[in-house]
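One-letter residues, chain by chain:
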Amino acid sequence: MKRIIYLAFSCLLVLGVSCAQQADPVPPADDGCFGLSAQIQNVGSREKVSLDGNWKAFIDQYETGYYDYRRNPMPDAETFFADRSFHADRTKLVEYDFDTASELRVPGDWNTQRPELYLYEGTVWYRQKFQASPRPGTRTFLYFGAANYEAVVGLNGHPVAKHLGGYTPFNIEITDQVRSGENAVIVKVDNKRMFEGVPTVNSDWWNYGGITRDVYLVTVPETFIREYSVQLSKDRSSIEGWVQLDGPAPAQRVSLDIDELGIHEPMTADASGKAAFRVAAKPQCWSPSDPKLYDVRISSETDEVRDRIGFRTIETQGTRILLNGEPIFCKGISIHEEIPAPPSGRANGEADARILLGWAKELGCNFVRLAHYPHNEAMVRTAEEMGLLVWDEIPVYWTIQWENPATYTNAEHQLTDMIIRDRNRANVIIWSVANETPRLPARLEFLRKLIAKARELDGTRLVSAAMEKENLDEATLTVNDELLEYTDIISFNQYVGWYDGDSDKCDRVRWTFPVEKPVVITELGGGAKFGLHGDRTERFTEEYQDYLYQKNIGMLERIDALAGVSPWILKDFRSPRRFLPGIQDDFNRKGLYSEKGERKQAFYTYRDWTPTLH
Ligand code: GCB
């Protein structure tokens, strides 16, 4: 609605209508979300009931359950949130019925569950009934790991919240609405692509719709530990951080306990519920070769949370990335969050993570780029246990509406939720705010603000974006992005040998960089269909891809500032941009593994490469 008002207003301005009182011509920064509570961190360690399973679900392409025939939002009682049933009283006209609808699995994308939903982009209504027995002195939240893209959530007949963004967790406090006994949660999930969305209408991955991650009913004490940060100090001499309580009794005694380190640190939260600490400690540092995690307990007078936390430092010095003060080369691979077996679909949970990350380890990697959006929490936690460094990213991808304040708000929410969720993961070393965005003034301002936000939320990690390379001339390549002033590293995607010339071009090019910072090449590669053989000059053969990797590796070895690389990509993934029959068949074929987990020739070439730290 606000948008319509804004458009009407802009038209008046264009027509030269003068207004006695100038209204603000800036469109609203409000992204339209409501009813969301601040994120509860580490939801895995809370008292909770899983609402996963089969949910009643039906397709509503025209959003009949939400808008009337003039496309005006209907009163709540007329929407499908009212959860009426035709069969309950056949004298009444009701044209939907959750009770007799078929089902969809949650968590799960809908595209791979029903053939008619393979390419579907629109609304699906979901309903799940659950039993609750709320206890006095507790608070109840509905937690969603993610739903793509817009989710409007209703409880017991009324909409209670709206969330935007397909890859970040959200929770809704329902303490006052939840009933003892049976409850029904209804979610209208809409994955239509939107110009103002993050990502926008254009991308190179499948727009899997649905409630794609776990759903929980979470119970916490009235005043509970909502969030905490537990980190190694930059000089590695102490463990420092803070605890944030939420509720009516915020000024409580709080304790941090790490038995293995002999840490038992009492503190008192202030009136805003915050308690800060700094304790001298010499923990065994987390690293890919020794992914040591400690049992950490945070308790208050009313609550207790447990976590497994690793301690390390990450910084840059000249062209090197230092982990625990030592230079490290990040030999990585990019990964999409897709199931590592047919029929593909959105991955979720530890079992999928173990396979995907196990493949990355087989490739000899110590680093993974979780592209192009925050992956599910199990992916990050499993990577941490397995000793894999992580690049965490939000889907500010290609071209979004840089000048739309609501788009910025949306992107900042996604960044904030990613950082809150993952801030205690030792393996996460880089927050990435974007991928391959154009060098425009409005974009620079947008990303500069996001980078500042990331640093405000977490001053301990590196911040960057996957930028683009430029050709200075046929043989000289560079990255000339104004954003380099704000990022900690020079990270960019380059496709010499695929989109840029053939593989032999790698021998001819020279790289030059305008600033002295570590270089991390966040994409390189080319397509190959597993089992398709031919000459190394023939596109989509395994030989082509293998030769391209050999030549790229030669080129990488000549970049002195190179501190990391994450080729594109671990496994073939679904993309609606890839049409070639018999070869692509809706898959981007740049994987080193096929979608079935078969290793292509280039797998061995990349695996056998030991990068030189110059
Ligand atoms: C890119 C994008 C990535 C694409 C890839 C490709 O530069 O960052 O999302 O999938 O190229 O295969 O073209």
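Computed from a prediction, not measured in an experiment: that's the story for all the values here.

A.B. asks: A description of the domain arrangement of the protein chain should follow, citing residues and the corresponding values.
C.D. replies: Its domain assignment divides the protein chain into domain 1 (2–221), domain 2 (224–312) and domain 3 (325–607). For domain 2 and domain 3, the distance between their C-alpha centroids amounts to 32 Å. Taken residue by residue, the interface counts 18 residues in domain 2 and 22 residues in domain 3. Taken over both partners, the interface formed by domain 2 and domain 3 buries close to 1400 Å², and the fraction arising from carbon and sulfur atoms is 49%. The largest share of the area that domain 2 buries against domain 3 comes from W286, P288 and R312, three residues that together contribute 37% of it. Counting across the domain 2 and domain 3 interface gives 3 salt bridges. Here R423 makes a salt bridge to E227, at a shortest N to O gap of 2.6 Å. Summed over the shared surface of domain 2 and domain 3, the number is 11 residue pairs in polar contact (both at pLDDT 80 or more). Of all elements in the fold, only β11 (224–232) and β17 (304–309) reach the threshold of two or more residues within the side of domain 2 that touches domain 3.

A.B. asks: Kindly report on the packing of helix α4 (residues 405–422) against helix α5 (residues 441–457), identifying the contributing residues and their values.
C.D. replies: Contact geometry of α4 with α5 gives a least axis separation of 10 Å together with a crossing angle of 30°. Looking at the two axes, α4 sits roughly parallel to α5. In this structure, the crossing between α4 and α5 has a hand that is right-handed. Contacts from T407, Y408, A411, E412, L415, T416 and I419 in α4 reach F446, K449, L450, K453, A454 and L457 in α5.

A.B. asks: Tell me what's going on with the confidence of the model for the protein chain, and back it up with residues and numbers.
C.D. replies: Model confidence for the protein chain is summarised by a mean pLDDT of 95, while 96% of its residues fall at 70 or above. Overall, residues 1–22 carries pLDDT values under 50, and its contacts beyond four positions in sequence, including any with other chains, amount to 12 contacts.

A.B. asks: Which residues make up the packing of aromatic side chains, and what values do they have?
C.D. replies: Per the stated rule, a full pass over the model turns up 34 aromatic pairs. Here the aromatic rings of F58 and F98 are separated by 5.0 Å at their centres, their planes lie at 55°, and the arrangement is tilted. You can see F58 sitting in strand β2 (residues 53–59) and its partner F98 sitting in the loop between β2 and β3 (103–106), a full 40 residues away along the chain. The buried category is assigned to F98, whose relative accessible area is 0%. Here the aromatic rings of W511 and F513 are separated by 6.0 Å at their centres, their planes lie at 10°, and the arrangement is stacked. Overall, F513 belongs to the buried group, its relative accessible area being 19%. The rings of F58, Y66, Y67, F80, F81, Y96, F98 and W125 are connected pair by pair, giving a single aromatic cluster. Note that K274 overlies the ring of W242, its terminal NZ or CZ placed 4.2 Å from the centroid. Over the ring of Y408 we find K449; its NZ or CZ atom is 4.1 Å from the centre of that ring.

A.B. asks: Mind laying out empty space enclosed by the protein, listing which residues take part and the relevant values?
C.D. replies: Applying the stated criterion to the full structure yields 4 cavities of 30 Å³ or more. Here the largest cavity is characterised by a volume of approximately 140 Å³. Y149, R193, P199, T200 and N207 are, among the 13 residues lining the largest cavity, the residues nearest its centre. Taken together, the residues of the lining of the largest cavity sort by class into 5 nonpolar, 6 polar and 2 charged. In this structure, the second largest cavity spans a volume of roughly 50 Å³. Looking at the lining of the second largest cavity element by element, the count peaks at 3 residues for β11. Taken together, the residues of the lining of the second largest cavity sort by class into 5 nonpolar, 3 polar and 4 charged. Counting contributing residues per domain, the lining of the second largest cavity is built from domain 2 (224–312) and domain 3 (325–607), each supplying no fewer than three.

A.B. asks: Tell me about the pattern of salt bridges, residues and numbers included.
C.D. replies: Between side chains of opposite charge, pairing is possible as soon as their charged atoms come close. In total, this model carries 55 salt bridges according to the counting rule given. Measuring nitrogen to oxygen at the nearest pair gives 3.1 Å for the salt bridge that ties D307 to R381. Taken together, the residues span a long stretch of sequence, with D307 in strand β17 and R381 in helix α3 (residues 377–386) at a distance of 74 residues. Of the residues examined, D307 reaches a relative accessible area of 6% and is grouped as buried. The shortest N-O distance in the salt bridge between E385 and R354 comes to 2.8 Å. On the criterion of sequence distance, the pair formed by E385 in helix α3 and R354 in helix α2 (residues 349–362) is long-range, its members being 31 residues apart. A network of salt bridges, in which partner residues are shared, links E63, R71, K188, D190 and K192.

What counts, and where the lines are drawn
- Residues numbered from 1 in each chain as written.
- Predicted model: local features only at pLDDT ≥ 70, side-chain atom pairs only at ≥ 80, totals over all residues.
- Heavy atoms only, no water.
- Domains from an automatic or database assignment.
- Contact = heavy atoms within 4.5 Å.
- Buried area = accessible area lost by both parts, 1.4 Å probe.
- Salt bridge = Lys/Arg side-chain N within 4 Å of Asp/Glu carboxyl O.
- Polar contact = N/O pair within 3.5 Å; in protein donor to acceptor, adjacent residues only side chain to side chain.
- Helix = DSSP H or I, 4+ residues; strand = E, 2+ residues; numbered from the N terminus.
- Axes fitted to C-alpha atoms, helices over the stretch in contact; angles between N-to-C directions.
- Parallel < 35°, antiparallel > 145°, perpendicular 65-115°, else oblique.
- Left-handed = near helix turned anticlockwise from the far one by under 90°.
- pLDDT = per-residue confidence, 0-100.
- Phe/Tyr/Trp six-rings, centres within 6.5 Å; stacked < 30°, edge-to-face > 60°.
- Buried < 20%, exposed > 50% of the residue type's maximum accessible area, 1.4 Å probe, protein only.
- Lys NZ or Arg CZ within 6 Å of the ring centre and 35° of its normal.
- 1 Å grid on protein atoms, 1.4 Å probe; cavity = no way out; pocket = protein on both sides within 12 Å on 5 of 7 lines; lining within 4 Å.
- Points joined across faces, edges and corners; volume = space filled by probe spheres on them.
- Nonpolar A, V, L, I, M, F, W, Y, C, P; charged D, E, K, R; others polar.

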